[in-house]
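Chain and residue survey
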Amino acid sequence: SLTWFLLTAAQGEKGLELVNTMGLKDYSQPEMVKGAEDFQKLFTEYSTTDAAGADLDIAINHFLNEETAMIIDGPWRLSQFKDPENTSEGFADKLAVAMAPGNGIVSYPAYAYCSGSKDEAKAKASYEFIKFFSNADAQKLNAELSGSLPSSRNIDLNEMLKDSDPIQKEVVEFSNIKDYSVLSPWRVYTSGVITIVMQEMAALATGQETAQEFCDHLTEAAQ
């Protein structure tokens, strides 16, 4: 979904507007169809034969075995990709990071904690725990251990990441020079689209349906 959204956003201002529209009802507009055509081309001409329907572990395995040239993922994968037990000698030295087509990035905040307790004392305690999870020290630790970038606007990223992996720093720099950013598709999809999108993408990726048919099916589900 992120791949398709990035390819759609690269079509210009209208494409970017569409992929950032929560509860989108019309997927059959030219920009989304062109994005779907590019998506299909990636799978049918530039990826492995098992790419359509493969889970993340399979995709990562192909990448680590140097059977694919790129993988769409985030800086939280760096520790795994640079672990000599997972990769061949010299693999880490070949790693690099790039922006999406048209100088785009994915904005995917990790923090979404909430409390559902009806007990006032427990709710108050849970809020304090959420504050602890979200404070600068905890976010710094999370960045060091998992590679996840901090979400708070009150944190100096350059200072926090001064001793971090160079690729992680480069991802932060991308946010300063980006031409666009894309939200999580799951904020755009309606429940009807969520129900069918995975099977529809598999059909698109294997050439069983055209980009126009794919987009029309999602529009029908959304409406």
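Our subject in this report is the structure included herewith. Since this is a predicted model, take the numbers as computed values, not measurements.

**Focus: the pattern of salt bridges**
- Counted under the stated rule, the structure contains six salt bridges.
- Of the charged contacts, one joins Glu 17 and Lys 14 as a salt bridge, the two residues approaching to 3.9 Å between their closest N and O atoms. With Glu 17 and Lys 14 both in helix α2 (residues 13-19) and three residues apart, this pair spans about one turn of that helix.
- For Glu 17, a relative accessible area of 47% puts it in the partly exposed group.
- Judged by relative accessible area, Lys 14 falls into the partly exposed class, the value being 34%.
- In this structure, Lys 94 and Glu 66 form a salt bridge, with 3.0 Å as the shortest nitrogen-oxygen distance. Of this pair, Lys 94 sits in helix α6 (residues 91-94) while Glu 66 sits in the loop between α4 (56-64) and α5 (78-81), and the two are 28 residues apart along the sequence.
- Classification of Lys 94 by relative accessible area gives exposed; the value is 54%.
- Here Glu 66 falls in the partly exposed class, since its relative accessible area comes to 41%.

**A look at the packing of helix α11 (residues 191-205) against helix α12 (residues 211-222)**
- In contact at an axis separation of 9 Å, α11 and α12 are set at 170° when each is read in the N-to-C sense. Of the possible angle classes, the one that applies to α11 and α12 is roughly antiparallel. Between α11 and α12, the residues in contact are Gly 192, Val 193, Ile 196, Val 197, Glu 200, Met 201 and Leu 204 and Ala 211, Phe 214, His 217, Leu 218, Ala 221 and Ala 222, respectively.
- For the contact of α11 with α12, the class distribution of residues is ten nonpolar, two polar and one charged.

**Here's the deal with the side chain of Thr 3**
- Looking at the element boundaries, Thr 3 is found in helix α1 (residues 2-9).
- When neighbours within four sequence positions are excluded, Thr 3 is seen to be in contact with Phe 39, Leu 42 and Ile 72.

**A few points about the packing of aromatic side chains**
- Under the definition given, this model contains twelve aromatic pairs.
- For the ring pair Tyr 27 and Tyr 189, a centre distance of 6.3 Å and an interplane angle of 45° mean the geometry is tilted. Of this pair, Tyr 27 sits in the loop between α2 and α3 (30-45) while Tyr 189 sits in the loop between β2 (180-182) and α11, placing them 162 residues apart in sequence.
- Since its relative accessible area comes to 5%, Tyr 189 is described here as buried.
- Look at Phe 132 and Phe 133: their rings are 6.4 Å apart centre to centre, the planes differ by 25°, and that puts the pair in the stacked class.
- Exposure remark for Phe 133: the relative accessible area of 34% places this residue in the partly exposed category.

**A look at α11**
- An ideal rise of 1.5 Å per residue puts 21 Å on 15 residues; α11 measures up with 22 Å between its terminal C-alpha atoms.
- Along α11, the helix axis deviates most sharply at Val 197, where the bend reaches about 45°.
- Among the residues making up α11, those that are buried are Val 193, Ile 196, Val 197, Glu 200, Met 201, Ala 203, Leu 204 and Ala 205.
- Buried residues belonging to α11 abut α1, α3 and α12.
- Where α11 terminates, the next one or two residues include Gly 207, which has phi positive at roughly 80°.

**Quick notes on the environment of Glu 31**
- Residue placement: Glu 31 occurs in helix α3.
- In sequence terms Glu 31 and Gly 15 are 16 residues apart; their C-alpha atoms lie 5.2 Å from each other.
- Leave out the neighbours within four places in its chain, and Glu 31 touches Thr 8, Gln 11, Lys 14, Gly 15 and Leu 18.

Rules and cut-offs
- Residues numbered from 1 in each chain as written.
- Predicted model: local features only at pLDDT ≥ 70, side-chain atom pairs only at ≥ 80, totals over all residues.
- Heavy atoms only, no water.
- Salt bridge = Lys/Arg side-chain N within 4 Å of Asp/Glu carboxyl O.
- Helix = DSSP H or I, 4+ residues; strand = E, 2+ residues; numbered from the N terminus.
- Buried < 20%, exposed > 50% of the residue type's maximum accessible area, 1.4 Å probe, protein only.
- Axes fitted to C-alpha atoms, helices over the stretch in contact; angles between N-to-C directions.
- Parallel < 35°, antiparallel > 145°, perpendicular 65-115°, else oblique.
- Contact = heavy atoms within 4.5 Å.
- Nonpolar A, V, L, I, M, F, W, Y, C, P; charged D, E, K, R; others polar.
- Phe/Tyr/Trp six-rings, centres within 6.5 Å; stacked < 30°, edge-to-face > 60°.
- Expected span 1.5 Å × (residues − 1).
- Bend = angle between axes of the 7 residues up to and from the residue.

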